[in-house]
Amino acid sequence: VTGILVEPDRAGLEAIAATFGPEMLLPDGALDRRRLRSLVFDNPARRQQLEAILHPAVYRAIEAWMCAQEHDGAAVAAAEIPLLFETGHESDFDFVVVTACDGEEQVRRAAGRSGVTEADARRRIAAQWPLAEKILRADIVVRTDGTIEETRRQARAAWDALRRRATVGYSRD
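Residues numbered from 1 in each chain as written. Predicted model: local features only at pLDDT ≥ 70, side-chain atom pairs only at ≥ 80, totals over all residues. Heavy atoms only, no water.

(A) The arrangement of the pairing of strand β2 (residues 140–143) in detail. A one-sided burial pattern is seen for β2, the buried positions being I140 and V142 and the unburied ones V141 and R143. Pairing analysis gives four bridges linking strand β1 (residues 97–100) to β2, with the strands arranged parallel. If you follow A100 over to β2, its bridge partner there is R143. (Buried < 20%, exposed > 50% of the residue type's maximum accessible area, 1.4 Å probe, protein only. Helix = DSSP H or I, 4+ residues; strand = E, 2+ residues; numbered from the N terminus. Pairing = 2+ DSSP bridges.)

(B) Structural view of the nonpolar core. Ranked by size, the top nonpolar core spans twelve residues in total: L5, A57, V58, Y59, I62, I81, L84, F85, F93, V96, V98 and A138. Of the residues forming this core, the biggest block, four residues, is contributed by helix α4 (residues 44–71). With eleven residues, the next largest nonpolar core counts I16, F20, L36 and L54 among its residues. (Core = buried A, V, L, I, M, F, W, Y, C linked by side-chain atoms within 4.5 Å.)

(C) Quick look at the pattern of salt bridges. In the structure shown here, the tally under the stated rule is twelve salt bridges. The partner of E118 in a salt bridge is R122, with the nearest N and O atoms 3.0 Å apart. Linking E118 with R122, this pair stays in helix α6 (residues 118–126), spanning four residues, or about one helical turn. Classification of E118 by relative accessible area gives partly exposed; the value is 45%. On the basis of relative accessible area, R122 is assigned to the partly exposed category, the value being 35%. Between R156 and D160 there is a salt bridge whose closest N-O contact spans 3.9 Å. Taken together, the residues span about one helical turn, with R156 and D160 both in helix α8 (residues 148–167) at a distance of four residues. Given a relative accessible area of 48%, R156 falls into the partly exposed group. Overlapping salt bridges bring together E90, E133 and R137 as one network. (Salt bridge = Lys/Arg side-chain N within 4 Å of Asp/Glu carboxyl O.)

Here it is, written out as structure tokens:
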């Protein structure tokens, strides 16, 4: 969802340029993600400004999507929300599934993304809640340290458990 919000001619991108300056845009009008990353992850106040722009729009988009799924008769719908706990929205959902791996593996994976250095990855992770706290608050935890097959097996088991719970009308409340 976030990617869509910052495409050219979208309100999110316009708000970012207005808040952080036109230098956040590449010559083709796209978001200069690397420049924005370096600005917000080195400055907590700037990161909060960015989050104030993006998070409300993200949650509105998720809510609209969830309503569409319900209207279409879906028993279970899943949304991937990296900062769910940090934004205080975990109670908006019936269940929370957390994926978790060893801290160094988390850094390695984050640093493997385009334009993300190991130092950037560590700053991003440090800006989030500790993984141990997220695990404690999760309804289901899928460990991703093992093989892809092991992760797929856990993800399938989690999905099946959520579908079973949905058919009996179970919720947290």
